[in-house]
Amino acid sequence: MSSDSSEKNLNDPKPIDVFEHGSPKDGQPQSMNKRLFMQLMVFQIQGAGSVSDHVTKLGEKINAMAARAVIYQDFHDPRSIALLLWHTDENELFRNKQELFARNEFNELCLRPEMGMFGRTYSSGYEPDLAYWLINRAEETATNPEWPWAIWYPLRRKGSFERLEHKEQMSILGEHARIGRAYGSQDLAHDIRLVCHGLDTHDNDFVIALIGKELHPLSHVVQSMRKTRQTSEFIQEMGPFFVGRVLWTSKKQPPLA
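1. Points about the layout of surface pockets
Turning to step 1, where the next piece is worked out: Its boundaries defined by the atoms lining it, the largest pocket holds a volume of some 1,600 Å³.
Turning to step 2, where the next piece is worked out: Taken together, the residues that form the lining of the largest pocket break down as 23 nonpolar, 14 polar and eleven charged.
Turning to step 3, where the next piece is worked out: Volume-wise, the second largest pocket comes out at about 250 Å³.
Turning to step 4, where the next piece is worked out: Around the second largest pocket sit Arg 68, Trp 86, Asn 136, Glu 139, Glu 140, Thr 143, Thr 249, Ser 250, Lys 251, Lys 252, Gln 253 and Pro 255, which together line it.
Turning to step 5, where the next piece is worked out: Here the lining of the second largest pocket is composed, by residue class, of two nonpolar, five polar and five charged.

2. Digging into the nonpolar core
One broad rule of soluble globular proteins: the nonpolar side chains tend to lie buried together.
Turning to step 1, where the next piece is worked out: With 29 residues, the main nonpolar core has Met 38, Leu 40, Tyr 72, Leu 84, Trp 152, Ile 192 and Phe 242 as its most contacted residues.
Turning to step 2, where the next piece is worked out: Listing elements by their share of this core, those giving two or more residues are strand 3 (37-45), strand 4 (69-74), strand 5 (80-87), helix 4 (130-143), strand 8 (149-157), strand 9 (190-195), strand 10 (206-212) and strand 12 (242-249).
Turning to step 3, where the next piece is worked out: Looking at this core, the element that brings in the most residues is helix 4, giving five residues.
Turning to step 4, where the next piece is worked out: Each residue touching Leu 84, except ones within four places of it in the same chain, is listed here: Met 38, Gln 39, Leu 40, Arg 68, Ala 69, Val 70, Tyr 72, Ala 142 and Trp 152.
Turning to step 5, where the next piece is worked out: Counting residues in each nonpolar core, the second largest holds 20 residues, with Phe 37, Ile 45, Leu 85 and Leu 93 among its members.

Rules of the game
- Residues numbered from 1 in each chain as written.
- Predicted model: local features only at pLDDT ≥ 70, side-chain atom pairs only at ≥ 80, totals over all residues.
- Heavy atoms only, no water.
- 1 Å grid on protein atoms, 1.4 Å probe; cavity = no way out; pocket = protein on both sides within 12 Å on 5 of 7 lines; lining within 4 Å.
- Points joined across faces, edges and corners; volume = space filled by probe spheres on them.
- Nonpolar A, V, L, I, M, F, W, Y, C, P; charged D, E, K, R; others polar.
- Core = buried A, V, L, I, M, F, W, Y, C linked by side-chain atoms within 4.5 Å.
- Buried < 20%, exposed > 50% of the residue type's maximum accessible area, 1.4 Å probe, protein only.
- Helix = DSSP H or I, 4+ residues; strand = E, 2+ residues; numbered from the N terminus.
- Contact = heavy atoms within 4.5 Å.

Put into structure tokens, the structure is as follows:
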């Protein structure tokens, strides 16, 4: 190889692929550069007014904006609520938040930044219906009226996991996936998994939500996962944990494209 071609290879690196990929569908590869951004914000209610009053007022504003959201009651604090917002366009999500809190009508809601979580849906490369997995599944899970309970938490892996061979990583992750499918198949717990590299103020890697009709099975998932190799060997930190029950869900809208 000539020195000219060597220099060209160094100056023209391989294009970076930022698309999400799924398993082939009808014999055709699946890929798309679209995903769902979801943000959980937790607020302490200060001053007068009941939780119900604040939720009603906040919900009316959200519906007037045609935004998509869920409001939770904080299980650990009777004067605390959490707002979950989502959109496929991060700019639209940002504008929704700016419009929602631009005026002083919600000045009695004091943000608890240490509880904030933000991430994006992602693919593992094996999804049979990539668009549904990335765009619609998380929204359907968060808004299902039969599943009012939720546990949300961030986590960060140890750097040693990233140095493992790909085959070993897949084996470790497969153990988690099998546990998750077992709970889901019995309608005990359903999950939302978001990646948050560079998006989280505490440098976490993922945001996880466990959602279901009862609280105990969600706790049981966390207990079961503690025994896996990923959690026991390669998780550096988990939490804080937000435990809540849905108080309000925005008006149903057409599926996001």
